Amino acid sequence: MATATSAATKVITAAGALAPAHGKVVKIVCKRNMDVIASCAYEIEPSSIRTKNSGASVPFHSRSSAGVSSSSKRKYSEVDDGADGADGADDQSNLPKKAKEVERIAFIPIKVYGHQCIGILFTASSIRGRGTVVFCVVDLDDNSKRLALKTSWQDLQREDEWDDVLERLKEKGPHPNLIVPFKNFKARTKNDDCTTLGTIRAFLRDQLHGFLVENRVLSVSLSELKRPVKYFWGVHDFVRGLRGAILGHEYLTQIGILHRDISENKVVLARRPGEERGYLIDFDMAILQEPEEPATDIVTTEDDDPADIDAALRASSPIQPDGSEPLKALRTGTTPYMSFNVLFGGKHTYFDDMESFLYVLLLFFFSYAGPLSKEELRAADHGGFVQVHGSGGLSHMKSWPEKYAKWADEKLADIAAKKDSALTTRTRPKELIRSAEVRNCLKYNWDTGLHRSIQAILLWSWKLFAESRSATLLFARRTQVKHGEFVGVLDKWLEMFSADEEKFSNCPFK
């Protein structure tokens, strides 16, 4: 779907959702590093359009992945938000002489399933997957209220599991630290559901029986809009948010639901200081499962002390088809956040989700260089946290160190072995905070006044998980940390370093 001209390359990208909507085409002129020079929009009809100065025809359901993708932290680490489009449209004298301009065409919806669309919050970047797209939309009953509208291609064979999870959540009632969709439906074309084999690949219904290709249906859900983690006000704000998400996960475990897909994108934060500070979202991969008890007693960290920090610093394996089932991925989760037990192919339990929360904590500090400014945070909240077209990543987003970037790219068995090794002995937590990766992260990304507290939370948390494997004579092949244990570490940290919260907060709503 791309056409080339002598002046620039015009790229039109189709995202995963079919949204019957009016929209606009945005032409963005950029430098090679994606700084915006200029942009302009064209209104289009709901059926199709022909882009200006291009022979490319764009169907109404196409759009760019203009929102933040799941891998954007590692892809746009050093990109600024760019100059104002209006100022740069006519005067390009400030560009470096060797800068190459790139022209991109993107379709941005104006309405999505009847809701006015503010913009795109998130798009999945993987080729194989659910093709998730999340939009910020306006509530039909209250123009001042913003909602998150999510579209994703769900496995038809998981429909019953998904319905069972929603029914269990409805039966057991809400929890203050969970964001559960208040509306779910399947997208339809004429008289049939939108499916990958039927709608996209145009197979007839009677051709699908016994077809060894996974079939998915386009699922749409609406939920309350909260603040993505990347718009955190400060370290304490993030820790409170993580704590809230763990409490939400604990409730799921108590009512017999296993989440199975913990990552930073599944944690959201409060939009105002007086609200619950953190929430767990997205139950696409959740299943019903009876709670499991650990084989050991609760691991305590009562002997942890800030002095320990100084001492430490000194010293998708597929299931092969059997002739009746489509090819499916064996493991569930987001690879950098998956536990080593799941990566090794072990049974997924709530202990594995707890280990994923540990990686959310660790990778957070590598992902950002402090919070955005108060002005940027206020503007993001006002705009519904949508991505500015063509701006690339936010100014505070950073690349992961090579050691941890490999957690997203290497073979699953290799990633599992490294995570396993990192949590084997009681000396590993001290080695972690003495590592070059953590030292450089603190030096270049975080205020000096926060270094000691960041070292503390990493040391205590890593120690908790490492010791959970050696609490008995038999060395556990997985970490076994309970919700209350991890929450206890976070609470102790919040209390011990409470004096830093106000000092290093950029909350714009005080």
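Fair warning: this is a prediction, and the values are worked out from it, not measured in the lab. Chains are numbered independently. Their residues run from 1 in the order of the written sequence. pLDDT decides what is reported in this predicted model: residues at 70 or higher carry local features, side-chain atom pairs at 80 or more are listed and counted, and totals for whole chains, interfaces and linings draw on all residues regardless. The side-chain numbers reported here are obtained from all heavy atoms of the structure, hydrogens and water having been left aside.

S.K.: What am I meant to see in the sheet that holds strand β19 (residues 267–269) here?
M.R.: Adjacent strands of a sheet pair through backbone hydrogen bonds, lying either parallel or antiparallel. In short, DSSP must find at least two bridges between two strands for them to pair. Runs of H or I in DSSP of at least four residues are treated as helices and runs of E of at least two as strands, each being numbered from the N terminus. Strand order in the open sheet made by the three strands is β17-β19-β20, with antiparallel pairing throughout. Where the open sheet ends on each side, the last strands, each with one partner, are β17 (227–228) and β20 (278–280). With three bridges joining them, β19 and β20 adopt antiparallel strand pairing. Paired with V267 across the two strands is L280, which belongs to β20. It only takes one pair of heavy atoms within 4.5 Å for two residues to be counted as in contact. Fitted lines through C-alpha atoms give the axes, limited to the stretch in contact for helices. The angle between two N-to-C directions lies from 0 to 180 degrees. This element, helix α5 (residues 235–254), spans β17, β19 and β20 of the sheet and lies at about 40 degrees to β20.

S.K.: Even after reading the chapter, I still don't get the side chain of D500, so can you show me in this structure?
M.R.: Considering the arrangement of structural elements, one finds D500 in helix α16 (residues 499–503). No salt bridge is formed by the buried D500. Its closest oppositely charged neighbour is K503, at 5.7 Å. Discounting chain neighbours no more than four positions away, the residues touching D500 are H236, G449 and S453. Exposure categories follow from relative accessible area, calculated using a 1.4 Å probe and restricted to protein chains: below 20% of the type maximum is buried, above 50% is exposed, and the middle band is partly exposed. Neither His nor the chain ends is counted toward charge; the positive residues are Lys and Arg and the negative residues Asp and Glu. When a carboxyl oxygen of Asp or Glu lies within 4 Å of a side-chain nitrogen of Lys or Arg, that pair is called a salt bridge.

S.K.: Would you take a moment to explain the pairing of strand β10 (residues 115–123) for this structure?
M.R.: Note on strand geometry: in a regular strand, side chains alternate between the two faces of the sheet. Buried residues dominate β10, accounting for seven of its nine residues. Connecting the antiparallel pair strand β9 (residues 111–112) and β10 is a turn made up of two residues, with Y113 showing a positive phi of about 50 degrees. For β10 and strand β11 (residues 133–138), the ladder comprises five bridges, and the chain directions are antiparallel. Of the residues in β11, the one forming a bridge with F122 is V134.

S.K.: How do you make sense of the packing of aromatic side chains when you look at a structure like this?
M.R.: To describe a pair of aromatic rings, you give the distance between the ring centres and the angle between the ring planes. Any Phe, Tyr or Trp ring, taking Trp's six-membered ring, that has another such ring centre within 6.5 Å forms a pair; planes under 30 degrees apart are called stacked, those over 60 apart edge-to-face, and the others tilted. What the rule picks out here adds up to 19 aromatic pairs. Aromatic side chains Y337 and W400 sit 6.5 Å apart centroid to centroid with 80 degrees between the ring planes, which places their arrangement in the edge-to-face category. Remark: W400 occurs in the loop between α9 (374–382) and α10 (402–405) and Y337 occurs in the loop between β23 (328–329) and α7 (340–343); sequence separation between them is 63 residues. When sorted by exposure, Y337 lands in the same class as W400, which is buried. The ring centre of W233 lies 3.6 Å from the NZ or CZ of R227, which sits over that ring. Placement of a charge over a ring requires the Lys NZ or Arg CZ to be within 6 Å of the ring centre, with the centre-to-atom vector within 35 degrees of the ring normal.

Limitation: the analysis is restricted to geometry and does not speak to function.
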